[in-house]
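Observations on the model geometry
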Amino acid sequence: GEGWGGAPRHSSSALAAPRSAEVDGVLANVRGGALQLLNQTGAQFAMALHQRVPTAAAATEATVLAMPLSSLLAPEGPMVAALGAPASGPLVLPVGSLKSPSPVLGRGDWFARVRRTETWERDVAELPKSGSKAKPPTLDDALAQARARAGSNPGPVIATFVNLKRFDFGLTWVRRCEKLGLRNFVVGALDPEALALLQALKVPTFQMGATANRAPLPGTHDYGWNSVDFKKMGIEKVQLLADILERNYTVLLMDADAVLVADPLPYFARWPEADVLVTTDYIGEPTIDGGIDRAKLLKYTMNIGVIFARPAFTGLAQAWISQLSKGSLQWDQNVFYTLMSSRKNGAGFADEVQPGSPGSQLLTLAAKDKRLGLVWDGKLLAGVLPTSLFCTGFTFVSGYCDKNALGHPFTFHACWLFYEAHGKRVRLRSLRVWHDDAKYYQRGEGDRTNGFLALADDGWLGTKEGRHSELLQPPFTTAKHMQLVHEQLRFVRSGMLLAALLGRQFVMPRMACLYDKWWAEHNGTIPASKMDQPIRDCPMDHILELNVLNTHQQWLPRQHSFLQHEDMPPALKQSRLNVSLREFSKSAPGSLSALVSALRPGGHGQIGSMHTLVVSSIPDVYHMLHPSDQATFMSFGKTLGSLMCCTWSPKLNGFLNYDLFWDVIPHTDSVGRTFTQEWAPCYGNTKQRVTDCSYDFRLGRDSSHPKVTCGLDSRPL
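These remarks concern the structure in this document. (Residues numbered from 1 in each chain as written. Predicted model: local features only at pLDDT ≥ 70, side-chain atom pairs only at ≥ 80, totals over all residues. Heavy atoms only, no water.)

Before going further, it helps to examine the packing of aromatic side chains. Here the structure, examined in full by the defined rule, presents 27 aromatic pairs. Each member of the aromatic cluster is reached from another via a ring pair, and the members are Phe-111, Trp-555, Tyr-622, Phe-633, Phe-636 and Phe-661. The positively charged end of Lys-379 is found above the aromatic ring belonging to Trp-376, 4.1 Å away from the centroid. Its end group placed over the ring of Phe-418, Lys-517 keeps NZ or CZ at 4.7 Å from the ring centre. (Phe/Tyr/Trp six-rings, centres within 6.5 Å; stacked < 30°, edge-to-face > 60°. Lys NZ or Arg CZ within 6 Å of the ring centre and 35° of its normal.)

What follows is the structure, encoded as structure tokens:
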């Protein structure tokens, strides 16, 4: 008779009895993916069998060929394959029986608002009610508690501050200090609720503003940049700095969204002459040799998210708080720069000083060699911390942080990014420095209780098309950037949908893009900056609409580095299986029900019980859906694309929307444009195609702004 695949079977009567150990070995190889069955004849399989099991007898071959496919493909016992392990390869999932798809997204509330509730938020309900007569701890109490924790050689004080609304940032900051073995830290509380939580966690804390008899700030809302409460918070921050310095301590003061990656204290100790070391908003190329940056950058905008100050800085800190307390509210960072750059009586500033002028004796040749400069009327020596070691959201994207001579940065300040707190959390999680409780790694959000689903080899980037794509090669254009992002979004869309159908949380693949994202027009990179193109780790806040996803967290992907996070329990890391869906990529849309059934718990072997499925060759799941489900998902999914900002465009909004349904014709996008033929990126909310515009820098108003000539169809919808 005919064996599977149409190959003739051996006559078993003429063969010796097979050895069970050999048969078991063949089965293990088949189930592990080392011996493929699908799309092979029996003869091809037999040849592969003898290569894998050289001693296999003809009896073993005949026994295996005579077995039904169902028994060969059904795994027995745990099937755990390491991510990317080439030895055994992925399990190839067979298509099985086909049937027409039926609507599924209409059952249940697939797009309900789901918000993650953190452990500390649940603890708030158990806090003592207001009105307690217990005396709150003072700054001196907190400093004493921190010194007792740190032991006999506490070193500089490390300090931050937090309110209830953003308590998770403070908790992450604390956990990072503890992981690095830094114990001499204090956390100021901006409101009574944050104070009570910090006390419950036994964190050295105190009520901010108490030393100046100021009332606590409200803790239930964000202090948006430049708001009244934001500026009041700046006063409290500078008060904290001055109060610690007045007690003759050296202090590292950090914003709560500036997270420690490595211990920076030995680095700071290399500049004992410096009265203050401060980070910068400079976006040009930083030094990468492991030293501080050039003194002339003191003339550039400083960023006070990370300040290392010695007691000699006390006078400037007092002048700073005095200036902030006068008249109308001011931004603390602007006042800081005004004081630092003051040059009374012709004093030196930065790397400039005249002989005999204030500061000339302080700025010695040795200080110059160490890249220190003069500040505050020539009274102090200051240094600029390089953005290659003290990273921002921009330098993370630009590639600067990967190039420093020390091999790692010291801090990551979650600024220069998008979607405010939502974007900050996503960035810090992608860097694996954000603190989440154990539940975050055990299951997804809302109804996503069956584990996680990830794309192998970074989705589209790992395909043959992606690896060899000309889109990743110069010259780089807006059109190529948009095409590159959208090719990857097809895979993201399929991954998000398949994960939802399986009750799993989707894990975002690493994405690449060509252009940076900013708040004004640019030609791929922020003017005056230098960065690597393509961007090999394009942040999620550049591509996806985090404001929508934050209110529907069952659809918010885990960051691409999630599966490698050190906080994930080892048992969960090991419960991972690579599954190839290449057979479904070739099959009819009706195979969706078979695919979902095989991957769900109780489906094909023990696949569904795995904590994480890593799928390769994912099919276009959207086009496998029932038409009514396609419409249901599109109405929600078209709100998930963010925008690229900003290209030059006359009388038009310069942003370009990302469209998760760019390959679906016809469809209407999130701003109401209907594409009936071919999709193309268009300016703002108009029908003006980017490719119909030309740019001439020679005729523009300056070297950064070209003359732009577009087609006629530039009317807003």
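This part takes up the environment of Leu-297. Note on placement: Leu-297 falls in the loop between β7 (276-280) and β8 (302-309). Considered as a pair, Leu-297 and Pro-386 are 89 residues apart in the sequence and their alpha carbons are 9.7 Å apart. Residues contacting Leu-297, with those up to four places away along its chain left out, are Tyr-282 and Val-384. (Helix = DSSP H or I, 4+ residues; strand = E, 2+ residues; numbered from the N terminus. Contact = heavy atoms within 4.5 Å.)

Taken as a whole and judged by the stated rule, the model has three disulfides. Here Cys-513 is linked by a disulfide to Cys-538, with a sulfur-sulfur distance of 2.0 Å. Note on the Cys-513 and Cys-538 pair: the S-S dihedral is about 90°, so by sign convention the disulfide is right-handed. Of this pair, Cys-513 sits in the loop between β14 (505-507) and α19 (540-543) while Cys-538 is found in the loop between β14 and α19, placing the two residues 25 residues apart along the sequence. Both residues of the pair, Cys-513 and Cys-538, belong to the buried class. (Disulfide = S-S within 2.5 Å. Buried < 20%, exposed > 50% of the residue type's maximum accessible area, 1.4 Å probe, protein only.)

Here eight strands make up an open sheet; going across it, the order is β4-β3-β2-β5-β8-β7-β10-β9 and the pairing mixed. Bordering the open sheet on either side are β4 (205-207) and β9 (373-375), each of which pairs with just one other strand. Ignoring which end each strand starts from, the neighbouring axes of this sheet average 30° apart. Along the sheet, helix α6 (residues 139-150) contacts β2 (157-162), β3 (185-189) and β4; its crossing angle with β3, the most-contacted strand, is approximately 150°. Set on the sheet, helix α12 (residues 332-340) makes contact with β7, β8, β9 and β10 (380-384); between it and β8 the angle comes to about 65°. (Pairing = 2+ DSSP bridges. Axes fitted to C-alpha atoms, helices over the stretch in contact; angles between N-to-C directions.)

Right, let's talk about the pairing of β8 for a bit. With eight of its eight residues buried, β8 lies for the most part within the structure. Two elements, strand β5 (residues 251-254) and β8, share four bridges in a ladder whose sense is antiparallel. In the strand pairing of β8, Val-251 is matched with Ala-309. The sheet contact formed by β7 and β8 spans five bridges and is antiparallel. By the bridge assignment for β8, Leu-277 is matched with Phe-308.

As a packed pair, helix α11 (residues 314-324) and α12 sit with axes 10 Å apart at the nearest point and diverge in direction by 130°. As judged from the angle between their axes, α11 and α12 are oblique. Crossing hand, α11 versus α12: right-handed. In this structure, α11 contributes Leu-316, Ala-319, Trp-320, Gln-323 and Leu-324 to the contact, and α12 contributes Asp-332, Val-335, Phe-336, Leu-339 and Met-340. For the contact of α11 with α12, a count of residues per class yields eight nonpolar, one polar and one charged. (Parallel < 35°, antiparallel > 145°, perpendicular 65-115°, else oblique. Left-handed = near helix turned anticlockwise from the far one by under 90°. Nonpolar A, V, L, I, M, F, W, Y, C, P; charged D, E, K, R; others polar.)

By themselves, these are just geometric observations and shouldn't be taken as functional.
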